[in-house]
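Reading the structure
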Amino acid sequence: MNNLHDDRKEYCSGELLESTAPKSPLELFEAWFSEHRGSTEIDSTAMTLATVHQGQPSARIVLLKSFGPEGLEFFTNYNSQKGQAISENPSVALLFFWPNQERQVRVLGHAVRLTAAENDAYFQSRPLESRVGAVVSHQSAPVADRAVLEERFAQELERAKSHGIKCPEHWGGYRVVPQQWEFWQGRPSRLHDRLVYSLGKDGWNLERLNP
Ligand SMILES: Cc1cc2nc3c(=O)[nH]c(=O)nc-3n(C[C@H](O)[C@H](O)[C@H](O)COP(=O)(O)O)c2cc1C
């Protein structure tokens, strides 16, 4: 075993209080997101997406591509493991970890597919190589070796240069519609701040959780 028992860090970068927390979780997310983005080159848009398939949880990083009152959006292959999980169970969790500010944001919600028009608009905005990559990758399926993939890529790239490339039906976005947001701010002595916004019938309810 690698013993890490003595790895310790005090969290003392900030605080999160009910008195200054905005009414809307989106407003707080926007503020924290832009603070992180302004503080580092490291990708603020990387988020962990957790899904459940046949009772088995699974987590991986995806990139946040837009967010607003309707939800948080990412793009992927609908036939991938995550795509299959979401088809079976659209309940998902998102997680952001922003160590510079000693912050974590957790989102619970359900994922809905974007429309074909929305998928196409984003797909066509990507560099050609990324579009080709999306077309040739049978994401999450086994592949014999890397050469197979590169060969498929080279052939499709040549084809795309002369004939263009369409957004495949199996590729597109999901919008995660939040039901709950939790904002965590590290504090000294492990007395961290945790504020949870839950969606009720009259809007967002705020409560503090024990750390
Ligand atoms: C920094 C980073 C960004 C990623 N962004 C995406 C993304 O936006 N969409 C995506 O499908 N996979 C993305 N991936 C790859 C996924 O983590 C994962 O390997 C892939 O989607 C297959 O997951 P699945 O088999 O669980 O469906 C990213 C990985 C990393 C490390």
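Data block above holds the structure.
Given the structure is predicted, the values throughout are model-derived calculations rather than measurements. (Residues numbered from 1 in each chain as written. Predicted model: local features only at pLDDT ≥ 70, side-chain atom pairs only at ≥ 80, totals over all residues. Heavy atoms only, no water.)

**Thoughts on the overall build of the protein**
Each helix and strand in the protein was counted, giving 5 helices and 9 strands. In sequence order, the protein lays out its α and β elements as α-β-β-β-β-α-β-β-α-α-α-β-β-β. Principal axes of the C-alpha set define a box for the protein whose edges measure 60 × 50 × 40 Å. Taking all 211 residues of the protein together, 36% fall into the buried category. Here the contacts in the protein between residues at least 6 apart in sequence split such that 65% fall between residues at least 24 apart. For the protein, the accessible surface area stands at approximately 12600 Å², while carbon and sulfur atoms represent 51% of it. Across the protein, the centroid of the 23 positively charged side chains sits 2 Å from that of the 27 negatively charged ones. (Helix = DSSP H or I, 4+ residues; strand = E, 2+ residues; numbered from the N terminus. Buried < 20%, exposed > 50% of the residue type's maximum accessible area, 1.4 Å probe, protein only. Contact = heavy atoms within 4.5 Å. Areas by Shrake-Rupley, 256 points an atom, 1.4 Å probe, with all protein chains shown as cover. Lys, Arg positive; Asp, Glu negative; His and termini not counted. Charge placed at Lys NZ, Arg CZ, Asp CG, Glu CD.)

**A few points about the layout of surface pockets**
Considering only enclosed or pocket space, the largest pocket measures out at about 260 Å³ in volume. Every residue lining the largest pocket is counted, 16 residues in all, and those nearest its centre are Phe 75, Thr 76, Arg 126, Gln 139 and Trp 171. Put simply, the parts of the chain that give the lining of the largest pocket at least two residues each are strand E2 (56-63), strand E4 (71-77) and helix H4 (128-136). For the lining of the largest pocket, the residue count by class is 7 nonpolar, 6 polar and 3 charged. (1 Å grid on protein atoms, 1.4 Å probe; cavity = no way out; pocket = protein on both sides within 12 Å on 5 of 7 lines; lining within 4 Å. Points joined across faces, edges and corners; volume = space filled by probe spheres on them. Nonpolar A, V, L, I, M, F, W, Y, C, P; charged D, E, K, R; others polar.)

**Let's talk about helix H5 (residues 146-163)**
For H5, which comprises 18 residues, the first-to-last C-alpha distance of 25 Å matches the rise-based estimate of 26 Å (1.5 Å per residue) to within 8%. By the burial criterion, the buried members of H5 are Glu 156, Leu 157 and Ala 160. Each buried residue of H5 lies within a common arc of 115° when the element is viewed along its axis, so the set occupies one face. Exposed positions of H5 whose direction lies more than 90 degrees from the buried face are Gln 155 and Ser 162. Trailing H5 by a residue or two, Gly 164 shows a phi angle of about 80°, which is positive. (Expected span 1.5 Å × (residues − 1). Arc of directions from axis to C-beta.)

**Let's talk about the site of the ligand**
The ligand sits among Arg 60, Ile 61, Val 62, Leu 63, Phe 75, Thr 76, Ser 80, Gln 81, Lys 82, Gln 139 and Ser 140. Taking Thr 76, its side chain carries an N or O atom lying 2.6 Å from an oxygen atom of the ligand. At a separation of 3.1 Å, an oxygen atom of the ligand approaches a polar side-chain atom of Gln 139. When residues of the shell around the ligand are traced back to their parent elements, those giving at least two are E2, E4 and helix H2 (81-88). (Near = heavy atom within 4 Å. Polar contact = N/O pair within 3.5 Å; in protein donor to acceptor, adjacent residues only side chain to side chain.)

**Describing the pairing of strand E9 (residues 203-208)**
Sheet topology places strand E8 (residues 193-200) next to E9; 6 bridges connect them, and they run antiparallel. Each residue of the ladder has a partner; that of Ser 198, found in E9, is Asn 205. Joining the antiparallel neighbours E8 and E9 is a turn of 2 residues. (Pairing = 2+ DSSP bridges.)

**A closer look at the environment of Leu 195**
Along the chain, Leu 195 turns up in strand E8. In this structure Leu 195 comes out as buried when scored by relative accessible area, which is 0%. Put simply, Leu 195 and Gly 83 are 112 residues apart on the chain and 30 Å apart in space, counted from C-alpha to C-alpha. When sequence neighbours within four positions are dropped, the list of residues in contact with Leu 195 reads Leu 16, Leu 17, Glu 18, Ala 21, Trp 181, Glu 182, Phe 183, Leu 206, Glu 207 and Arg 208.

**Looking at the pairing of E2**
Relative to E2, strand E1 (residues 46-53) is paired through 8 bridges, and the arrangement is antiparallel. Paired with Val 52 across the bridge in E2 is Pro 57.

**Describing the packing of aromatic side chains**
Here the structure, examined in full by the defined rule, presents 18 aromatic pairs. Plain terms: the ring middles of Phe 29 and Trp 181 are 5.2 Å apart, the flat faces sit at 50° to each other, and that makes the pair tilted. Note that Phe 29 is positioned in helix H1 (residues 25-39) and Trp 181 in strand E7 (residues 171-185), a separation of 152 residues in sequence. Across the pair, exposure class does not vary: Phe 29 and Trp 181 are buried alike. Members of the aromatic cluster, each reached through a chain of ring pairs, are Phe 29, Trp 32, Phe 33, Phe 67, Phe 96, Trp 98, Trp 181, Phe 183 and Tyr 197. Over the ring of Trp 32 we find Arg 103, and its NZ or CZ is 4.2 Å from the ring centre. (Phe/Tyr/Trp six-rings, centres within 6.5 Å; stacked < 30°, edge-to-face > 60°. Lys NZ or Arg CZ within 6 Å of the ring centre and 35° of its normal.)

The values reported here are purely geometric and, on their own, carry no functional implication.
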